[in-house]
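Take a look at the letters that make up each chain.
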Amino acid sequence: MPHAVTLIPGDGTGPEITEATRRVLEATGVKFVWDVRRAGAEMLEKYGTVLPDDVIESIKRTKVGLKGPITTPVGRGQRSANVTLRKKLDLYANLRPAKTYPGLRSRYENIDLIIVRENTEDLYAGIEFQRGTPEHEEILEVISRCTSHQLDSNSALSVKYITVAATRRIVRFAFEYARANGRRKVTAVHKANIMRLSDGLFLATAHEVAKEFSDIQFEDRIVDNMCMQLVQKPELYDVLVLPNLYGDIISDLSAGLIGGLGVAPGANIGSQCAVFEPVHGSAPKYAGQNKVNPMAMMFSGVMMLRHLGEREAAHRLERALTHIIAEGKYVTYDLKPRPDDPTSVGTSQVADAVIERLHR
Ligand code: NAD
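Residues numbered from 1 in each chain as written. Predicted model: local features only at pLDDT ≥ 70, side-chain atom pairs only at ≥ 80, totals over all residues. Heavy atoms only, no water.

Focus: the overall build of the protein chain
Rules: Numbered from the N terminus, helices here are DSSP runs of H or I no shorter than four residues, and strands are runs of E no shorter than two. Note on method: radius of gyration uses C-alpha positions; expected globular size equals 2.2 Å times residues raised to 0.38. Using a 1.4 Å probe on the protein chains alone, a residue whose accessible area is under 20% of its type maximum counts as buried, one over 50% counts as exposed, and one in between counts as partly exposed. Residue contacts are defined here by distance: any two heavy atoms, one from each residue, within 4.5 Å place the two residues in contact.
Counting secondary structure elements, the protein chain contains 12 helices and 12 strands. For 360 residues, the compact-globule estimate of 2.2 N^0.38 gives 21 Å, and the protein chain sits close to it at 21 Å. Viewed in the frame of its principal axes, the protein chain has a C-alpha envelope of about 70 × 50 × 45 Å. By residue count, 53% of the 360 residues in the protein chain fall in the buried class. Long-range pairs, those at least 24 residues apart, make up 74% of the contacts in the protein chain with a sequence separation of at least 6.

This is the structure we're talking about:
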């Protein structure tokens, strides 16, 4: 039976890397029925939204999405399509592995981290108050009444929202992932020394859940210390579980540890559906240039194959990708010693090389 998958090319460099990824996935021999759905900048002009409802409906039907990045205009009040998608489908776990492969230009060897980021709340909950609005005034009044703080009206507010239910769910996900994948330790990352109530709740809940998993070690780290520790001794860490914002930042940091965003994959997983996408964004300055690295999306495709139960095809595609990386010949500029290396190849040539390898 072919697998029905919703394919969202996204915008910027998204369509190029999506096409390259679709080609290599088909070259594994696994059969797909792609339901291609448009989201991103061009939809905003046509339909007034970057995420039309048919995208959500399609994923609800197929249960699986493969997605290119989508641009979010900074500070213009338009909600991110990525955040909206994750919230509407309740894709509560953002799984971002960071693994070094021979041939990657990294300062480290043998990194094998799993970042589990909570995907639905925290400062990403989308509860914000704009200065000069009646709601903003009202909220300042409430804050002044309920606390000792008189806030400046020339301000803006974003709410950090952490619940016991979402924390339990994400920490359980991290432990279950650790157990299912032979991992030894889960580290909860927080800033509970300063955000004593919100991050304090996250930490206390994580400790509670950890008691259910006595076979897996558990510890916690303050997020700033975690950044330093990851740079100094990443080999001490295994599975990290974090609230949304820290998870976003630490997963980019981890992508930097393994050789850059060009090879960092991700998955957004809920109880009903899953959407696979690279960690990186739409890199719009390179759009249409056949330049950026499609491997982060191809590795996301490997994760999708595993999710679909196609373990053997996933293994073959991962092996083909690691071979191309180790060989260092058919790779994009970001994997070369210098970005202006004249031997770098383009996005579609990487796909050709991976397909050639798969067919050997
Ligand atoms: P970005 O990840 O798009 O790019 C940052 C830089 O990283 C690029 O300029 C490029 O030098 C490098 N890079 C990124 N992807 C690469 C690849 N595949 N190959 C080689 N080099 C690559 O981050 P940004 O510039 O901060 O964001 C651009 C837009 O993407 C923003 O609108 C942002 O909101 C959006 N974004 C979307 C997603 C998503 O769709 N899930 C994720 C992050 C950012």
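What about the site of the ligand?
As a reminder, the rule being used: Proximity is defined per residue: any heavy atom of the residue falling within 4 Å of a molecule or strand makes that residue near it. As used in this structure description, the phrase polar contact means that two N or O atoms lie within 3.5 Å; if the pair is within protein, one of them must be able to donate a hydrogen and the other to accept it, and residues adjacent in sequence are counted only when both atoms belong to side chains. Where accessible areas are quoted, they stem from the Shrake-Rupley method and a 1.4 Å probe; at the residue level, only the protein chains shown are allowed to cover. Under the convention adopted here, Pro, Cys and the residues Ala, Val, Leu, Ile, Met, Phe, Trp and Tyr are nonpolar, Asp, Glu, Lys and Arg are charged, and Gly plus all remaining residues are polar.
Ile-70, Thr-72, Asn-82, Gly-281 and Ala-283 are the nearest of the 21 residues found near the ligand. Contact distances for the ligand include 2.7 Å between an oxygen atom and a backbone N or O atom of Thr-72. Glu-277 places a polar side-chain atom, nitrogen or oxygen, 3.1 Å from a nitrogen atom of the ligand. Compared with its free state, where it exposes 810 Å², the ligand has 71% of that area covered by protein. For the shell around the ligand, a count of residues per class yields nine nonpolar, seven polar and five charged.

Topic: the packing of aromatic side chains
Under the convention used in this document: Between rings of Phe, Tyr and Trp, where Trp is taken as its six-membered ring, a pair exists when centres lie within 6.5 Å; planes separated by under 30 degrees are stacked, by over 60 edge-to-face, and by other angles tilted. Each ring is checked for a lysine NZ or an arginine CZ that lies within 6 Å of its centre and within 35 degrees of its normal; such an atom marks a charge sitting over the ring.
The final tally for this structure, using the stated rule, is six aromatic pairs. Judged by centre distance (4.8 Å) and plane angle (15 degrees), the ring pair of Phe-175 and Phe-213 falls under stacked. Pair noted here: Phe-175 is in helix α6 (residues 164–180) and Phe-213 is in the loop between α7 (198–210) and β9 (217–222), with a separation of 38 residues, a long-range link. The class for Phe-175 is buried, based on a relative accessible area of 0%. In this structure an aromatic cluster arises from ring pairing among Phe-175, Phe-213 and Phe-218. The residue whose ring lies beneath Lys-185 is Tyr-237, and the NZ or CZ to ring-centre distance is 5.0 Å.

Concerning the sheet that holds β9
Counted only if it meets this: By this definition, two strands are paired if DSSP reports at least two bridges between them. Here the axes come from fitting lines to C-alpha atoms, over the contacting stretch only for helices, and the angles between their N-to-C directions go from 0 to 180 degrees.
If you walk across this open sheet you meet the 10 strands as β2-β1-β3-β12-β11-β4-β5-β10-β8-β9, and the pairing is mixed. The sheet is open, and its two edges are formed by β2 (32–36) and β9, each paired on a single side. Looking at each pair of strands side by side, their axes are set apart by 25 degrees on average, direction ignored. By the bridge criterion, three bridges tie strand β8 (residues 185–190) to strand β10 (residues 239–242) in an arrangement that is parallel. Residue Ala-188 lies in a different strand from β10, and its bridge partner there is Val-241. The strands touched by helix α3 (residues 53–62) within the sheet are β1 (3–8), β2, β3 (64–67) and β12 (274–276), with β1 carrying the most contacts at an inclination of about 160 degrees.

So, the packing of α6 against α7
Packed helix pairs are specified by the crossing angle of their axes together with the interaxial distance, meaning the distance between the axes. Operational definition: Roughly parallel refers to an angle under 35 degrees, roughly antiparallel to one over 145, roughly perpendicular to one between 65 and 115, and oblique to any angle outside these ranges. Helix crossings fall into two classes, left-handed where the near helix is turned counterclockwise from the far one by less than a right angle and right-handed where it is turned clockwise.
One way to put it is that α6 packs onto α7 with a least axis distance of 9 Å and a crossing angle of 45 degrees. Put simply, α6 runs oblique to α7. The handedness of the crossing between α6 and α7 is right-handed. Residues Val-164, Thr-167, Arg-168, Ile-170, Val-171, Arg-172 and Phe-175 of α6 touch α7, and the partners they reach there are Leu-201, Phe-202, Thr-205, Ala-206, Glu-208, Val-209 and Ala-210. Each residue belonging to the contact of α6 with α7 can be placed in one class, and the counts come to nine nonpolar, two polar and three charged.

Looking at helix α4 (residues 81–88)
Along an α-helix, residues three or four apart share an orientation, since each turn contains 3.6 residues. The element α4 is extensively covered by neighbouring structure, given that six of its eight residues are classed as buried. Of all the residues in α4, the buried ones are Ala-81, Asn-82, Val-83, Thr-84, Leu-85 and Arg-86. Between a side-chain oxygen at the N-terminus of α4 and the backbone nitrogen of Asn-82 the separation is 3.1 Å; the capping residue is Ser-80. At the exit of α4 stands Asp-90, carrying a positive phi of roughly 50 degrees.

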